[in-house]
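As a plain string of letters, each chain reads:
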Amino acid sequence: MHPMLNIAVRAARNAGEIIRRSSENVGQLTINFKSANDYATEVDRMAEQEIIKVISASFPEHGFLAEESGEQKGNDYTWIIDPLDGTTNFLHGFPVYAVSIALKHKNKLELGVIYDPLRDELFTAERGGGATLNNRKIRVTQQNSLKGALLGTGFPFKSKTNLETYLKMFSSLVGDTAGIRRAGSAALDLAYLASGRLDGFWEIGLLPWDMAAGILLVQEAGGVVTDFSFRDGYMQSGNVIAGSPKMHQLMYKAIEPHVTDNLK
Ligand code: IPD
Ligand code: CA
Ligand code: CA
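Everything numeric in this text was worked out from a predicted model, so none of it was measured. Residue positions are given per chain, counted from 1 along the sequence in the order it is written. Here the convention is simple: chains get letters from A, ligands get numbers from 1, in the order in which they are written. Under the rules for a predicted model, residues below a pLDDT of 70 receive no local features and side-chain atom pairs below 80 are neither given nor counted, while totals for whole chains, interfaces and linings still include all residues. Each side-chain value is derived from all of the structure's non-hydrogen atoms; neither hydrogens nor water enter the calculation.

### A few points about the sheet that holds strand β3 (residues 63-66)
And step 1. Pairs of strands are assigned from DSSP output, requiring at least two bridges between the strands. In this text, helices come from DSSP runs of H or I with a minimum length of four residues, and strands from runs of E with a minimum of two, each type numbered from the N-terminal end. Strand order in the open sheet formed by eight strands is β4-β3-β5-β6-β7-β8-β9-β10, with mixed pairing between adjacent strands. The outermost strands of the open sheet, each flanked by one partner alone, are β4 (70-72) and β10 (136-137).
And step 2. By the convention used here, residues are in contact when the closest approach between their heavy atoms is within 4.5 Å. The axes used here are C-alpha line fits, helices contributing only the stretch in contact, and every angle between their N-to-C directions lies in the interval 0 to 180 degrees. Contacting β5 (77-85), β6 (98-105), β7 (108-116) and β8 (121-126), helix α1 (residues 3-22) runs over the sheet at an angle of about 30 degrees to β7.
And step 3. This element, helix α5 (residues 186-194), spans β5, β6, β7 and β8 of the sheet and lies at about 100 degrees to β7.

### A look at unusual backbone geometry
And step 1. Positive phi outside glycine occurs at K106, with the angle close to 50 degrees.
And step 2. Mapped onto the elements, K106 comes out in the loop between β6 and β7.
And step 3. Notably, N135 is not glycine yet its phi reads approximately 75 degrees, a positive angle.
And step 4. Following the sequence through the fold, N135 ends up in the loop between β9 (130-133) and β10.

### A look at the nonpolar core
And step 1. By nonpolar core we mean a set of buried residues, namely Ala, Val, Leu, Ile, Met, Phe, Trp, Tyr and Cys, connected to one another through side-chain atoms within 4.5 Å. Buried means the residue's accessible area, taken with a 1.4 Å probe over protein chains only, is under 20% of the maximum for its type, while exposed means over 50%, and partly exposed covers the values in between. L109, I114, F123, L217 and V240 are the most contacted members of the largest nonpolar core, which has 37 residues in total.
And step 2. The split into domains, and so the bounds of each, comes from an automatic or database assignment of domains. A domain-level breakdown of this core finds at least three residues from each of domain 1 (3-137) and domain 2 (150-263).
And step 3. In this structure, L109 is in contact with I80, A102, L103, K104, R127, A212, I215, L216 and M235, ignoring residues within four places of it in sequence.
And step 4. Counting 34 residues, the second-largest nonpolar core is a separate cluster that includes Y97, V99, Y115 and L122.

### Observations concerning the domain arrangement of the chain
And step 1. Domain parsing of the chain yields domain 1 (3-137) and domain 2 (150-263).
And step 2. Look at where the C-alpha atoms of domain 1 and domain 2 centre, and you get two points 21 Å apart.
And step 3. Domain 1 puts 39 residues into the contact, and the matching count from domain 2 is 25 residues.
And step 4. Summed over both partners, the accessible surface that disappears when two parts come together, traced with a 1.4 Å probe, is what is meant by buried area. Among the residues domain 1 hides against domain 2, the three largest losses belong to L109, I114 and F123. Together they make up 22% of the total.
And step 5. By definition here, a salt bridge exists when the distance from a side-chain nitrogen of Lys or Arg to a carboxyl oxygen of Asp or Glu is within 4 Å. Across the domain 1-domain 2 interface, the total number found is one salt bridge.
And step 6. Between E121 and R197 there is a salt bridge whose closest N-O contact spans 2.7 Å.
And step 7. For the side of domain 1 that touches domain 2, the secondary structure elements donating two or more residues are β3, β5, β6, β7, β8 and β9.
And step 8. By residue number, the principal contributor to the side of domain 1 that touches domain 2 is β7, which donates seven residues.
And step 9. A class-by-class count of the residues in the side of domain 1 that touches domain 2 yields 19 nonpolar, 10 polar and 10 charged. Amino acids outside the nonpolar list (Ala, Val, Leu, Ile, Met, Phe, Trp, Tyr, Cys, Pro) and the charged list (Asp, Glu, Lys, Arg) are all regarded as polar, and Gly is one of them.

### Examining the site of ligand 1
And step 1. Throughout, near means a residue has at least one heavy atom within 4 Å of the molecule or strand. Around ligand 1, a shell composed of 15 residues is seen, among which D85, G86, T87, K158 and E203 lie nearest.
And step 2. Taking R182, its side chain carries an N or O atom lying 2.9 Å from an oxygen atom of ligand 1.
And step 3. Within 3.5 Å is the distance limit for a polar contact, defined as a pair of N or O atoms, with the added protein rule that one can donate a hydrogen and the other accept it, and that residues adjacent in sequence qualify only through two side-chain atoms. S185 places a main-chain nitrogen or oxygen 3.2 Å from an oxygen atom of ligand 1.
And step 4. Alone, ligand 1 offers 380 Å² of accessible surface; in the complex the protein occludes 94% of this.
And step 5. Among the elements that take part in the shell around ligand 1, β5 stands out by supplying three residues, more than any other.
And step 6. Taken together, the residues of the shell around ligand 1 break down into four nonpolar, four polar and seven charged. To measure how exposed things are, a 1.4 Å probe is used in the Shrake-Rupley method; for residues, cover is taken only from the protein chains shown.

### Topic: the sheet that holds strand β11 (residues 150-153)
And step 1. The mixed open sheet is built from five strands, whose spatial order is β12-β11-β13-β15-β14. For this open sheet the edge positions go to β12 (179-181) and β14 (224-226), each flanked by a neighbour on one side alone. Each adjacent strand pair in this sheet contributes to an overall mean axis angle of 15 degrees, direction not counted.
And step 2. By the bridge criterion, three bridges tie β11 to β12 in an arrangement that is parallel. Paired with L151 across the strands is I180, a residue of β12.
And step 3. Sheet strands in contact with helix α4 (residues 163-174) are β11, β12 and β13 (200-203), and its direction is about 165 degrees off that of β13.
And step 4. Where helix α8 (residues 245-255) meets the sheet, its contacts fall on β11, β13, β14 and β15 (240-243), and the angle it forms with β15 comes to roughly 145 degrees.

So, in structure tokens, the structure goes:
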């Protein structure tokens, strides 16, 4: 294993332990409203501090882009961190949330780790080295039609601007598939796609830390990720379509006619 991956795994497991322990006392947490429908707790912050502490101890010159503490400039390596993806689920005791840590070198994603502390599931990816779930290689499914496919998605709940557009996309897909899941953690959605539990995924308006690790996982598991213009601008736009090559193509075809100019 890449030594940097080793450190990322340690950081993710430590953060996961903080989250798992805190999940037993959610009622006592102080909740901060960041913006409409956007919450953070001291657990988000404690988990993030732990991740940054573990990584900086080994790589003091690296930079960070972390959801709660923002940007910390460093050398050409930047760690992109979502300490708790699925905070709303966490606050409701809905057991779907995870830690997400990615490493970017210049403009390329090099490593991705997603850790589900409740199921003790560790997803990892190394650029050019494949993707794993608990040390076993994972691949996207070979599903080649919408019929029978299980898709994941997220609703654009923070800003209602794109809701109408999103609902059109949803309508185009829902009738042709076996089902669409909105589980509440984009990181886990992408990890589930990489490991064959979902056949495709799309969402509008994600942030870099929601998706960085998951995108590398999908790519390393043989999947395709693009934005709504069939390009790789997803980290800037936050708009993502992901799936096996065939599923990606079918989803793109269904989604593309509804894409408004502001989402291109
Ligand atoms: C959220 C989750 C959710 C997605 C949102 C994200 P958070 O992250 O990934 O699935 O739909 O866009 O903000 O706020 O729980 O870290
Ligand atoms: Ca997130
Ligand atoms: Ca978060």
